[in-house]
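The primary structure of each chain is shown beneath.
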Amino acid sequence: ISAWSKVPLGPPDAILGITEAYKADKFDEKINLGVGAYRDDAGQPYVLPSVKEAELRLLTQLLDKEYAGITGVPTFTKLAAQLAYSPSCPALQEDRIVITQSISGTGALRIGGEFLAKWYPYGKTIYVPTPTWANHGAVFRDSGLEVKSYRYYDKATISLDLDGMLEDIEAAPVNSVILLHACAHNPTGVDPTPEQWRKISEIVKKRDHFVFFDMAYQGFASGDTDRDAYALRYFVEQGHQLVLSQSFAKNMGLYGERVGAFSMVVHSAEEKKRVDSQLKIIVRPMYSNPPIHGARIAAEVLSDVGLYKQWLVEVKGMAERIIKMRHLLKQHLEELGSTRNWSHITSQIGMFCYTGLTPEQVDTLRTEYSVYMTRDGRISVAGITTKNVKRLAESIHAVTK
Ligand code: PLP
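Residues numbered from 1 in each chain as written. Predicted model: local features only at pLDDT ≥ 70, side-chain atom pairs only at ≥ 80, totals over all residues.

As annotated in an unreviewed UniProt entry, the protein carries the name Aspartate aminotransferase and comes from Lipomyces starkeyi NRRL Y-11557. According to UniProt, the comment filed for the protein under the heading Catalytic activity (unreviewed entry) is "L-aspartate + 2-oxoglutarate = oxaloacetate + L-glutamate". (UniProt positions renumbered as here; feature names shortened; annotations may be inferred.)

Novice: How should I be thinking about the overall build of the protein in this particular structure?
Specialist: On a plain count of helices and strands, the protein comes out with 16 helices and 13 strands. Expected size for 401 residues packed as a compact globule is a radius of gyration near 21 Å; at 22 Å, the protein falls within 12% of this value. Reported as C-alpha extents along the three principal axes, the dimensions of the protein are approximately 65 × 60 × 55 Å. Out of the 401 residues in the protein, the part that is buried amounts to 46%. (Helix = DSSP H or I, 4+ residues; strand = E, 2+ residues; numbered from the N terminus. Rg over C-alpha atoms; globule rule 2.2 N^0.38 Å. Buried ≥ 20, exposed ≤ 12 C-beta atoms within 10 Å, placed from the backbone.)

Novice: Quick question: what am I supposed to make of unusual backbone geometry here?
Specialist: Negative phi values dominate among residues other than glycine, just as trans dominates among peptide bonds. A cis amide bond links T130 with the next residue in sequence, P131, at an omega value of -5°. Within the secondary structure, P131 is located in the loop between β3 (125-130) and α6 (136-143). Backbone torsion omega between N186 and P187 reads 15°, so that peptide bond is classified as cis. Along the chain, P187 turns up in the loop between β7 (177-181) and α8 (194-206). Of note in this structure, I158 is not a glycine but carries a positive phi near 50°. You can see I158 is positioned in the loop between β5 (153-154) and β6 (159-160). Look at I158 and you get buried, because 21 C-beta atoms sit within 10 Å. Of note in the backbone geometry, D208 takes a positive phi value of approximately 50° without being a glycine.

Novice: Even after reading the chapter, I still don't get the confidence of the model for the protein, so can you show me in this structure?
Specialist: Do not read the predicted coordinates in detail wherever pLDDT is low. Mean pLDDT over the protein: 96, with 100% of residues reaching 70 or higher. Here the predicted complex scores 0.96 on pTM and 0.99 on ipTM. (pLDDT = per-residue confidence, 0-100.)

Novice: Help me out: how do you make sense of the pairing of strand β8 (residues 210-215) in this one?
Specialist: Across the 6 residues that make up β8, a large majority, 5, are buried. Direction of pairing for β7 relative to β8: parallel, over a ladder of 5 bridges. Directly across from L179, in β8, lies its bridge partner F212. What joins β7 to β8 is α8, and the crossover it makes is right-handed. Note that β8 and strand β9 (residues 242-247) share 5 bridges and pair parallel. Across the sheet, the residue bridging to M215 is Q246, located in β9. (Pairing = 2+ DSSP bridges. Right-handed = clockwise from strand over helix to strand, strands pointing away.)

Novice: I tried to follow the nonpolar core on my own but got confused; where do I start?
Specialist: Considering soluble globular proteins, one finds that nonpolar side chains tend to be buried as a cluster. Ranked by internal contacts, the top residues of the largest apolar core, which has 114 residues, are A84, I178, F213, L232, A298, V301 and V381. Here the element with the most residues in this core is helix α13 (residues 305-335); it accounts for 9 residues. In contact with A84, other than residues within four places in its own chain, are M215, Q218, A229, L232, L244 and Q246. (Core = buried A, V, L, I, M, F, W, Y, C linked by C-beta atoms within 7 Å. Contact = placed C-beta atoms within 7 Å.)

Novice: What should I look at first to understand the site of the ligand in this one?
Specialist: In the region of the ligand, the neighbouring residues are G36, S104, G105, T106, W133, H181, N186, D214, A216, S247, A249 and G260. For the shell around the ligand, the element with the highest residue contribution is helix α5 (residues 104-119), accounting for 3 residues. Considering only residue class, the shell around the ligand consists of 3 nonpolar, 8 polar and 1 charged. (Near = placed C-beta within 6 Å. Nonpolar A, V, L, I, M, F, W, Y, C, P; charged D, E, K, R; others polar.)

Novice: I tried to follow the sheet that holds strand β10 (residues 259-265) on my own but got confused; where do I start?
Specialist: Backbone-to-backbone hydrogen bonds pair the strands of a sheet. The strands run either parallel or antiparallel. An order of β2-β10-β9-β8-β7-β3-β4 is seen for the 7 strands of this open sheet, with the pairing classed as mixed. Strands with a single pairing partner mark the edges of an open sheet, and in this sheet they are β2 (97-103) and β4 (146-151). Neighbour-to-neighbour, the strand axes of this sheet turn through a mean angle of 25°, independent of strand direction. Sitting on the sheet, helix α7 (residues 162-171) is in contact with β4 and β7, with an inclination near 140° to β4. (Axes fitted to C-alpha atoms, helices over the stretch in contact; angles between N-to-C directions.)

Novice: Would you take a moment to explain the pairing of β9 for this structure?
Specialist: Side-chain positions along a regular strand alternate between the two faces of the sheet. Among the 6 residues in β9, 6 count as buried, and that is most of the element. Burial along β9 is two-sided: the face carrying L242, L244 and Q246 and the face carrying V243, S245 and S247 are both buried. Direction of pairing for β9 relative to β10: antiparallel, over a ladder of 6 bridges. In the sheet register, L244 faces β10, and the bridge partner there is S263.

Novice: Could you clarify how one ought to interpret the packing of helix α15 (residues 359-369) against helix α16 (residues 389-400) in this entry?
Specialist: Helices that pack against each other are described as a pair by the angle of their axes relative to one another and the distance between those axes. Interaxial distance between α15 and α16 falls to 10 Å at its minimum, and their mutual angle equals 125°. It follows that α15 is oblique to α16 by the angle criterion. Remark: the crossing between α15 and α16 carries right-handed chirality. Counted together, Q361, T364, L365 and Y369 of α15 and S395, V399 and T400 of α16 form the full contact between these two elements. Within the contact of α15 with α16, the residues separate by chemical class into 3 nonpolar, 4 polar and no charged. (Parallel < 35°, antiparallel > 145°, perpendicular 65-115°, else oblique. Left-handed = near helix turned anticlockwise from the far one by under 90°.)

Novice: Would you mind going over the environment of Y127 with me for this structure?
Specialist: Relative to the helices and strands, Y127 is located in strand β3. Given 21 C-beta atoms within a 10 Å radius, Y127 is considered buried. It is 9.7 Å that separates the C-alpha atoms of Y127 and G137, two residues lying 10 residues apart in sequence. If we skip the residues at most four places from it in the chain, Y127 touches K148, S149, Y150, A172, S176, V177, I178 and L179.

Novice: Mind showing me how you'd approach the packing of α8 against helix α10 (residues 230-237) here?
Specialist: At a minimum axis separation of 11 Å, α8 and α10 run at an interaxial angle of 40°. What the angle tells us is that α8 and α10 run oblique. Relative to α10, the crossing made by α8 is right-handed. Contact residues: α8 offers P194, W197 and S201, while α10 offers Y230, A231, Y234 and F235.

Rendered as structure tokens:
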């Protein structure tokens, strides 16, 4: 008898299921809006030219393949911290930001979860928004934290439920851990305004909460890496205790290279040494040390003045294509005579749009129009192109009129 005979079949991944159904569809004008990766206007994966150039340069150097240290490639982590916090951040200059390379954003969240579960001296519960990235719950639960939620999105208005969010954050026990999406909230595309961030910061401070920022889309939201780091930098300036997960999957298109970083703003350089030693103790038995190739690419892009400038333009290009597709989709819906208010399509930000479509409408779109998206009505705007946007608008109009 097999050792695994009692292992139950687990549920399939929601997104992978959509991709499979899409692949099996024979219709040549089928549209896949499920994938969470950028596509160019021809619907193809996009390797940023700055990233290609950095990779070519690395290849010609024929570097060795020795292990990185436990916390990764130091030139990469230094530059990643500067990109997030800005080079002029006092906490950076005072040498009180601890940082380790991570297996992209997911790995950073996991290291952070493990660290909090082991060392956070108060309640080991993390509060995440409703809804949130589908993997947050599992990552934090497997790290040893309890996961609870706060209100974030209001279905009726298709926008931020600021009052609900503030109420729930205030009601959480003092010293709770609050997870905030730094920009381009996934899946809703709804971000707080600077004024709303100010209110969130006040409540967090009042309750002595601890903030865990997840920044998976820096630059990808507005097209400007500084602008997208606004909330993080504002919270640092306000003196919050916080940690940060960074991903270079989307903004450098390094998805499969798994490039990310986990950092913590602490009180002093002395405290940094202690915290850093414990981060290493967490990382070492998990994967020993991170992969070097992607981190070297990112470091080359971030450190070379020419490539860095080029990269900023390319990030902006991706963000702008997405913004353009939002406008086109809305425009086509209006031209078709849709009487619905579609303003959220353009007011939301980042890769995803929460359309407000019902699960039934999503099902009809799939079965009758070969348009694929998750049943919560989330579409990946990156899947829209100048070629398919009209047919997409017609299909959405057909199921919503
Ligand atoms: N956090 C959020 C909110 C995300 O949307 C994603 C990816 O979709 C991630 C983290 C982690 O992605 P990765 O591990 O590929 O960097």
